Amino acid sequence: QVQLVESGGGLVQAGDSLRLSCAASGHTFSIYVMGWFRQAPGKEREFVAAISWSGGRTYYADSVKGRFTASRDNAKNTVWLQMNSLKPEDTAVYYCAAREGYGSGSYYYTREDVYDYWGQGTQVTVSS
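Because the structure is predicted, anything quoted here is derived from the model rather than measured.

1. Overview of the overall build of the protein chain
Logical step 1: Helices and strands together make up the secondary structure of the protein chain, namely one helix and 11 strands.
Logical step 2: For the protein chain, the N- to C-terminal ordering of α and β elements is β-β-β-β-β-β-β-β-β-α-β-β.
Logical step 3: In terms of overall dimensions, the protein chain is globule-like: its C-alpha atoms have a radius of gyration of 14 Å, near the 14 Å expected for 128 residues.
Logical step 4: Its C-alpha atoms give the protein chain principal-axis dimensions of roughly 40 × 25 × 25 Å.
Logical step 5: Each of the 128 residues in the protein chain was classed as buried or not, and the buried ones make up 45%.
Logical step 6: Long-range contacts, defined as pairs at least 24 residues apart, comprise 57% of the intrachain contacts of the protein chain with a sequence gap of at least 6.

Have a look at this one:
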């Protein structure tokens, strides 16, 4: 069992930066991938970024590529999402997620239904 806790959300202006963190506890040895998803009001939850635990391989949604950066510290069981050049359309509740087991291909990083554990989410609001 894995527990995830996000933090770092807040209210910022367009163009500002924000760093989210996700702390994992429990059976963290079983984690293969940690991902970030977001959900805006009235919209479905969508993939944002993901990072493999061992190799640090990253995947990004086209909408955030070049602006967001995922990173991890295995010793601290923590992943971060650095968000730069924030836009109003980035406003959403951001969730971190963890997946156990191995899988090849982007499907095992970007699809919501392949993740096993979820945090409670942290609100990010970007004003224009």
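2. Regarding the sheet that holds strand β3 (residues 18–26)
Logical step 1: If you trace the four strands from one edge of the open sheet to the other, you get β1-β3-β8-β7, paired in antiparallel fashion. Among the strands making up the open sheet, the edge pair consists of β1 (2–7) and β7 (68–73). Pairs of neighbouring strands in the sheet enclose a mean axial angle of 15°, with direction left out of account.
Logical step 2: Across six bridges, β1 lies against β3 in antiparallel orientation. In the sheet register, Val2 faces β3, and the bridge partner there is Gly26.

3. Brief notes about the nonpolar core
Logical step 1: Within the largest apolar cluster, 41 residues are counted, with the highest numbers of intra-cluster contacts made by Leu4, Met34, Leu81, Met83 and Tyr94.
Logical step 2: Per element, the largest residue contribution to this core is six residues, and it comes from strand β4 (residues 31–39).
Logical step 3: If we ignore the near neighbours within four places in the chain, the residues touching Met34 are Leu4, Cys22, Ala24, Ala50, Ile51, Trp53, Val79, Ala97, Ala98 and Tyr115.

4. Quick word on the pattern of salt bridges
Logical step 1: Within this structure, the stated rule accounts for six salt bridges.
Logical step 2: A salt bridge links Glu112 to Arg45, with the nearest nitrogen and oxygen atoms 2.7 Å apart. Residue Glu112 is located in the loop between α1 (107–110) and β10 (117–118), and its partner Arg45 is located in the loop between β4 and β5 (46–52); the two are separated by 67 residues in the primary sequence.
Logical step 3: One salt bridge in this structure joins Asp113 and Arg111, with 3.4 Å as the shortest N-O distance.
Logical step 4: Through salt bridges with shared partners, a single ionic network connects Arg38, Glu46, Arg67 and Asp90.

5. Some points on the packing of aromatic side chains
Logical step 1: Inspection of every chain in the model, using the stated rule, returns seven aromatic pairs.
Logical step 2: Between Phe37 and Tyr115 the ring centres are 5.2 Å apart and the planes differ by 80°, which places this aromatic pair in the edge-to-face class. Of this pair, Phe37 sits in strand β4 while Tyr115 is found in the loop between α1 and β10, placing the two residues 78 residues apart along the sequence. With respect to burial, Phe37 and Tyr115 carry one shared label: buried.
Logical step 3: Arranged with centres 5.2 Å apart and planes meeting at 80°, the rings of Tyr107 and Tyr108 form a pair that is edge-to-face.

What counts, and where the lines are drawn
- Residues numbered from 1 in each chain as written.
- Predicted model: local features only at pLDDT ≥ 70, side-chain atom pairs only at ≥ 80, totals over all residues.
- Heavy atoms only, no water.
- Helix = DSSP H or I, 4+ residues; strand = E, 2+ residues; numbered from the N terminus.
- Rg over C-alpha atoms; globule rule 2.2 N^0.38 Å.
- Buried < 20%, exposed > 50% of the residue type's maximum accessible area, 1.4 Å probe, protein only.
- Contact = heavy atoms within 4.5 Å.
- Pairing = 2+ DSSP bridges.
- Axes fitted to C-alpha atoms, helices over the stretch in contact; angles between N-to-C directions.
- Core = buried A, V, L, I, M, F, W, Y, C linked by side-chain atoms within 4.5 Å.
- Salt bridge = Lys/Arg side-chain N within 4 Å of Asp/Glu carboxyl O.
- Phe/Tyr/Trp six-rings, centres within 6.5 Å; stacked < 30°, edge-to-face > 60°.

The values reported here are purely geometric and, on their own, carry no functional implication.
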